[in-house]
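Observations on the three-dimensional arrangement
So the chains spell out like this:
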Amino acid sequence: MRRLSFIPALVSAILLGACSGGSIAPSIVSAPGTGVDQPQGTTAVGAAFLTPAPSAAALAYKIYVTNSGPASETGSVTTYGISGKKTKPTITKGLDYPVGVAVDRHGKIYVTSYVTNTLTTYNPDGTGTTPTITTGLDQPVGVKVDAAGKIYVANLAGGARGSGYLSTYKPDGTRTTPTIVSGTDEAWGVAIDTKGKIYVTNYGGANVTTYTSKGQRTTPTITTGKNSFPLGVTVDAKGKIYVNESGKNTLMTYMADGKRTTPTITGLNNPQGVVVDADGKIFVVNYGSNTVTTYTSKGKRTTPTITSGLSGPVGITLH
């Protein structure tokens, strides 16, 4: 796999186009983060860039953020308490341009490495564990783990128009079904709702496609529009869908049927991952400003704002 002159190329292209208002050739992808001077080996994540899930208990969770660089080509996962203060663990081992991050109900941490086509797992204390997944991955970005321990990975797969797919794995790392290709176009973020419906953001297709737990296309299909470059996606316990549009520096929300709803959050800076806690607080990763900003369920700024320890942040999850 070619090493992106910085993943941000995708990202870069994405970000530049988004920030300057210029159009971006959808067939050219650089990588996560989509930032101009990002580290080598990036992908436009939406993942992620990941993201992740509304499974955290109110006022009793940690915040996990992937950092792609550019200070380090290997990247890291940094962890924060609910106040935004940095805590343990910080993970660096086995990572190379980490994009997506997920945590299962046991506290095991799952991280995709875009450059090495690998998903690595870690114990709650940050020490390495099994499985390590390499089979079926091609520029993995978003990752999600459901309540049964099934692992879902969005693969950018070259960043060409019409590329990308979703691969799934058993808790032990063996491939399983479904593998989703239909409707994907530079697949980036993945989310799973409480009923098992699968949501995939398509960076190139400017939409969010949905699937049954068996991988069959279903409704809604959400069209985000020209130059929107959707990345991060999450679904809250009530079925509301949150989508970061990196090209428009905006977070949009939708009802379960795909109709637009509130809030709409603007003024973001190349938003990547997004997650919502049990009380409806919204966390947005801003790759362009190295921050995580938070909002009430109505879209008003609130605390914390996280800046410490972030460098090219992309994915986020709570546990």
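A brief report on the enclosed structure follows. Here the structure is a predicted model, which is why all the values come from computation and not from measurement.

1. Some thoughts on the environment of Asp257
Locating Asp257 in the fold gives a position in the loop between strand E18 (250–254) and strand E19 (260–265). The exposure class assigned to Asp257 is partly exposed, which follows from its relative accessible area of 47%. Between the C-alpha atom of Asp257 and that of Ile241, which follows or precedes it by 16 residues, the distance is 9.4 Å. Within the structure, Asp257 has its side chain in polar contact with the backbone nitrogen of Lys259 (distance 3.0 Å).

2. Side note on the packing of aromatic side chains
Counting across every chain of the model gives 4 aromatic pairs. Ring geometry for Tyr61 and Phe283: centres 6.2 Å apart, planes at 80°, overall edge-to-face. Here Tyr61, found in the loop between helix H1 (8–20) and strand E1 (63–67), pairs with Phe283, found in strand E21 (residues 282–286); they are 222 residues apart in sequence, far enough to count as distant. The class for Tyr61 is buried, based on a relative accessible area of 7%. Ring geometry for Tyr97 and Tyr114: centres 5.9 Å apart, planes at 70°, overall edge-to-face. In this pair, Tyr97 sits in the loop between strand E3 (86–91) and strand E4 (98–103) while Tyr114 sits in the loop between strand E5 (109–113) and strand E6 (118–122), placing the two residues 17 residues apart along the sequence. The class for Tyr114 is buried, based on a relative accessible area of 1%. An aromatic cluster of three or more residues is present, and its members are Trp188, Tyr203 and Phe229.

3. Notes on the sheet that holds strand E7 (residues 128–133)
Across a sheet, strands are paired by hydrogen bonds formed along the backbone, either parallel or antiparallel in direction. As summarised here, the arrangement of the 4 strands in space is E4-E5-E6-E7, forming an open sheet in which the pairing is antiparallel. At either margin of the open sheet sits one strand with a lone partner, and together these are E4 and E7. Averaged over all adjacent pairs, the angle separating strand axes in this sheet is 20°, with direction ignored.

4. Considerations on the pairing of strand E15 (residues 217–223)
Examined bridge by bridge, strand E14 (residues 207–211) and E15 share 4 bridges and lie antiparallel to one another. Counted as the bridge partner of Thr210 is Thr218 from E15. What sits between the antiparallel neighbours E14 and E15 is a turn of 5 residues, in which Gly215 has the positive phi angle 90°.

5. Focus: the nonpolar core
In globular proteins that are soluble, nonpolar side chains generally tend to be buried together. Tyr97, Val99, Tyr114, Leu166, Val190 and Ile198 are the most contacted members of the largest nonpolar core, which has 22 residues in total. Of all the secondary structure elements, the ones that give two or more residues to this core are strand E9 (151–155), strand E12 (187–192) and strand E13 (198–202). Take this core: its biggest share by element is 4 residues, from E12. Ile306, Leu310, Ile316 and Leu318 belong to the second-largest nonpolar core, a separate cluster that totals 12 residues.

6. Structural notes on the pairing of strand E2 (residues 76–80)
Burial analysis of E2 places 5 of its 5 residues in the buried class, the great majority of the element. A two-sided burial pattern is seen for E2, the buried positions comprising Ser76, Thr78 and Tyr80 on one face and Val77 and Thr79 on the other. In the sheet, E1 pairs with E2 via 5 bridges, with the strands oriented antiparallel. Residue pairing in the sheet places Tyr64 in a bridge with Thr79 of E2. Of the pairings in the sheet, the one linking E2 to E3 comprises 3 bridges and is antiparallel in character. Counted as the bridge partner of Thr79 is Thr87 from E3. The loop that links E2 with its antiparallel partner E3 comprises 5 residues; one of these, Gly84, has a positive phi angle of about 95°.

7. Focus: the side chain of Asp236
Checked against the element boundaries, Asp236 lands in the loop between strand E16 (230–235) and strand E17 (241–245). In this structure, Asp236 is buried with no salt-bridge partner, the nearest side chain bearing the opposite charge being Lys240 at 5.5 Å. A polar contact of 2.9 Å, which involves the side chain of Asp236, links it to the backbone nitrogen of Lys238. Polar contacts involving the side chain of Asp236 include one to the main-chain amide nitrogen of Lys240, which spans 2.9 Å.

8. Points about the sheet that holds strand E22 (residues 291–295)
Read across the open sheet, the 4 strands follow the order E20-E21-E22-E23; overall the sheet is antiparallel. Pairing within the sheet leaves two strands with one partner each, and these edge strands are strand E20 (271–276) and strand E23 (301–306). When strand polarity is set aside, the average angle formed by the axes of neighbouring strands in this sheet is 20°. With 3 bridges connecting them, E22 and E23 associate as antiparallel partners. Residue pairing in the sheet places Tyr295 in a bridge with Arg301 of E23.

Reading guide: rules and limits
- Residues numbered from 1 in each chain as written.
- Predicted model: local features only at pLDDT ≥ 70, side-chain atom pairs only at ≥ 80, totals over all residues.
- Heavy atoms only, no water.
- Helix = DSSP H or I, 4+ residues; strand = E, 2+ residues; numbered from the N terminus.
- Buried < 20%, exposed > 50% of the residue type's maximum accessible area, 1.4 Å probe, protein only.
- Polar contact = N/O pair within 3.5 Å; in protein donor to acceptor, adjacent residues only side chain to side chain.
- Phe/Tyr/Trp six-rings, centres within 6.5 Å; stacked < 30°, edge-to-face > 60°.
- Pairing = 2+ DSSP bridges.
- Axes fitted to C-alpha atoms, helices over the stretch in contact; angles between N-to-C directions.
- Core = buried A, V, L, I, M, F, W, Y, C linked by side-chain atoms within 4.5 Å.
- Lys, Arg positive; Asp, Glu negative; His and termini not counted.
- Salt bridge = Lys/Arg side-chain N within 4 Å of Asp/Glu carboxyl O.

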